[in-house]
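# Secondary and tertiary structure notes
What follows is each chain in one-letter form.
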Amino acid sequence: MRALPLDRFRVLDLTRIRSGPTCVKQFADWGADVIKIEPPADEAGYGNRDSSDFQNLHRNKRSLTLDLKTPEGQEVLGRLIDGADVLIENFRPGVKSRLGLDWETLHARNPRMVLGSISGFGQTGPYAERPGFDQVAQGMGGLMSITGMPGQGPVRVGVPIADLSAGLFVAMGVLMALLDRERTGEGAWVHSSLLQAQIAMLDFQAVRWLIDGMVPEQAGNDHPTAVPMGVYPTSDGSMNIAVNGARMWRDFCEVIGRPDLYEHPDYATPKDRLANRAALNALLYEITATWTAADLTEALLATGIPCGPINRMDAVFADPQVQQLPIVAEVEHPSKGRQRLLGQAFQVEGLAPAMRSATPDAGQHTDEVLAELGYAPDAIAALKEKGIA
């Protein structure tokens, strides 16, 4: 197995909660030397280290405790910055400047370093100093207005999609900046926000407004523009069915024993089916409810119509196809034993992101990192005695 592709980079992790750690996790999994810098006492909401969430987010890192509000802590951080390739932070812009982590200061000290920043609403603008939270971004970014049943009122999605997407977008931007550095020799500032990432994730729903002038509404489990596509009842539960295009519509009508629907004037074209969705779905619900989910799935897949079950979490990981995918990764924790974590969502043939180490205890690698920076044992002891490290 080849060496991991990011093992030549050192990444300083000054993030917390979720968006920043999601970003940093991409570098840690693919081999970067990630040093997680956290306060000696958890006063900033870093979270319960023993939780499954925390353990999943912070694997493959080293932990250095450091009080950045002290001159001595700033000195240690400066030495780290001098040798770093990347620094990732998700402070509010004003806090970042007070800590000396603004782009101008960092770039002057280490022109080759890439800075990745995640904020709630952006680095400038009227909301720049507001605290950010995923659900707030979901609401302001339009997602909650199109999620849920028609007329239900706003509904958040079941995962922190603004946090996750902001982290992934910044990780992608930092990788692009590292590639650009190979040509220019200069680092760059990459930044996104929960709000910007959330709006980007609206995708076709956003351009229905930008291009078509249409304000999308809640569509529940139905696809916003395609019919029949959504959740359909069977005799032993519900399933998803996705019929798209004339060929699938014809074959679907044949499978359910209603070939007459194919050329029915109310349902013949996609526009007709969308206009008459309520009547068509009411009819289809009665038909699909007479099938078992397994039988209907088999019949639809035989004609190439996408469909599938609606799984609870236990069923997701029991699915034979999921078990074939390398989406679950294992790591040995020194006190918790074998842990199953979420792996990466993509594969590179010939490479595999390694679960090299479990989430570290706070400050687990403080002595090690300080020694690498040239601090003598007595100096390390002094920093720890003062509560700085």
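The present account deals with the structure reproduced in this document. All values derive from a computational prediction rather than experimental measurement. In this numbering scheme, every chain counts its residues from 1 along its sequence in written order. In keeping with the model being predicted, local features are shown solely for residues with a pLDDT of at least 70 and side-chain atom pairs are shown and tallied solely at 80 or more, while totals for entire chains, interfaces and linings include all residues. In computing side-chain values, all of the structure's heavy atoms are included and hydrogens and water are not.

Moving on, we get to the nonpolar core. Remark: nonpolar core denotes a set of buried residues (Ala, Val, Leu, Ile, Met, Phe, Trp, Tyr, Cys) joined through side-chain atoms within 4.5 Å. A simple rule labels every residue: compare its accessible area, found with a 1.4 Å probe on the protein chains alone, to the largest value its type can have, and call it buried under 20%, exposed over 50%, or partly exposed in between. Core analysis: the biggest nonpolar cluster contains 28 residues, and Leu12, Ile37, Leu64, Val76 and Leu80 have the highest contact counts within it. Among the elements of the structure, strand E1 (10-14), strand E2 (33-38), helix H3 (71-82), helix H5 (103-109), helix H16 (366-372) and helix H17 (377-385) are those that each provide at least two residues to this core. If one sorts the elements of this core by residue count, H3 sits on top with four residues. Of all hydrophobic cores here, the second largest spans 27 residues; its members include Phe9, Ala171, Leu178 and Val190. Comment: elements are numbered from the N terminus, with helices defined as DSSP H or I runs of at least four residues and strands as E runs of at least two.

What follows covers the packing of helix H1 (residues 19-29) against helix H7 (residues 161-184). Running from N to C, H1 and H7 cross one another at 40°; their axes reach a closest spacing of 7 Å. Between H1 and H7, the crossing angle belongs to the class labelled oblique. The element H1 and its partner H7 pack so that their crossing is right-handed. Facing Ser19, Thr22, Cys23, Gln26 and Phe27 of H1, the residues of H7 in contact are Asp163, Leu164, Gly167, Leu168, Val170, Ala171, Val174 and Leu175. In this analysis an axis means a line fitted to C-alpha atoms, helices contributing only their contacting stretch, and an angle means the value between N-to-C directions, from 0 to 180 degrees. For classification purposes, an angle smaller than 35 degrees is called roughly parallel, one larger than 145 roughly antiparallel, one from 65 to 115 roughly perpendicular, and anything else oblique. Note on convention: the crossing is left-handed when the near helix lies turned anticlockwise from the far helix by less than a right angle, right-handed when the turn is clockwise. Any two residues whose heavy atoms approach within 4.5 Å at even a single point are treated as in contact.

Time to look at the packing of aromatic side chains. A pair of aromatic rings is counted whenever rings of Phe, Tyr or Trp (Trp by its six-membered ring) have centres within 6.5 Å, and the orientation is called stacked for planes under 30 degrees apart, edge-to-face for over 60 and tilted otherwise. Applying the stated rule across the entire model yields four aromatic pairs. Seen in terms of ring centroids, Trp30 and Phe346 are 5.2 Å apart; in terms of plane orientation they differ by 15°. Their pairing is stacked. Note that Trp30 is positioned in the loop between H1 and E2 and Phe346 in the loop between strand E11 (337-342) and H16, a separation of 316 residues in sequence. By relative accessible area, which is 5% here, Trp30 ends up buried. Overall, Phe346 belongs to the partly exposed group, its relative accessible area being 43%. Here Arg79 stacks its cationic end above the ring of Tyr375, 4.0 Å away from the centre of that ring. Over the face of the ring belonging to Tyr127 we find Arg130, whose NZ or CZ atom lies 3.8 Å from the ring centre. Whether a charge sits over a ring depends on NZ of Lys or CZ of Arg being within 6 Å of the ring centre and within 35 degrees of the ring normal.

Next up on the list: the sheet that holds strand E6 (residues 189-193). An order of E3-E2-E1-E4-E5-E6 is seen for the six strands of this open sheet, with the pairing classed as parallel. The open sheet terminates on both sides in strands that have one partner only, identified here as strand E3 (61-65) and E6. The sheet shows a mean angle of 20° between the axes of neighbouring strands, direction not considered. If DSSP finds at least two bridges between two strands, the strands pair. Two strands pair when backbone bridges link them, and strand E5 (residues 114-119) and E6 are joined in this way by five bridges, in the parallel orientation. Bridge pairing in E6 places Leu115 opposite Trp189.

Our next topic: a nonpolar patch on the surface. Grouping into patches uses exposed residues only, defined as over 30% relative accessible area, and leaves out salt-bridged ones; the cut-off is 9 Å for like charges and 5 Å for nonpolar side chains (Val, Leu, Ile, Met, Phe, Trp, Tyr). Accessible surface area values rest on a Shrake-Rupley calculation with a 1.4 Å probe, where residue burial reflects the displayed protein chains alone. Whenever Lys or Arg places a side-chain nitrogen within 4 Å of a carboxyl oxygen from Asp or Glu, that contact is recorded as a salt bridge. On the surface, Phe204, Val207, Trp209, Leu210, Ile211 and Val215 cluster together to form a nonpolar patch covering roughly 640 Å² of accessible area. Mapping Val207 onto the fold places it in helix H9 (residues 204-210). Classification of Val207 as partly exposed rests on a relative accessible area of 36%.

Before going further, it helps to spend a moment on the sheet that holds strand E9 (residues 307-309). Ordered by their spatial adjacency, three strands build an open sheet running E7-E8-E9, and the pairing between neighbours is antiparallel. One side of each edge strand has no neighbouring strand; the edge strands of this open sheet are strand E7 (229-234) and E9. Here the strands of the sheet are splayed against their neighbours by 30° on average, with no regard to which way each runs. Relative to E9, strand E8 (residues 237-242) is paired through three bridges, and the arrangement is antiparallel. The residue of E9 that forms the bridge with Asn240 is Gly308. Running over the sheet, helix H13 (residues 293-302) touches E7, E8 and E9 and is turned about 10° from E8.

Here the structure, examined in full by the defined rule, presents 23 salt bridges. Where Arg62 meets Asp33, a salt bridge forms, and the shortest distance between an N and an O atom there is 3.0 Å. In this pair, Arg62 is assigned in strand E3 and Asp33 in strand E2, connecting sequence segments 29 residues apart. Judged by its relative accessible area of 12%, Arg62 is buried.

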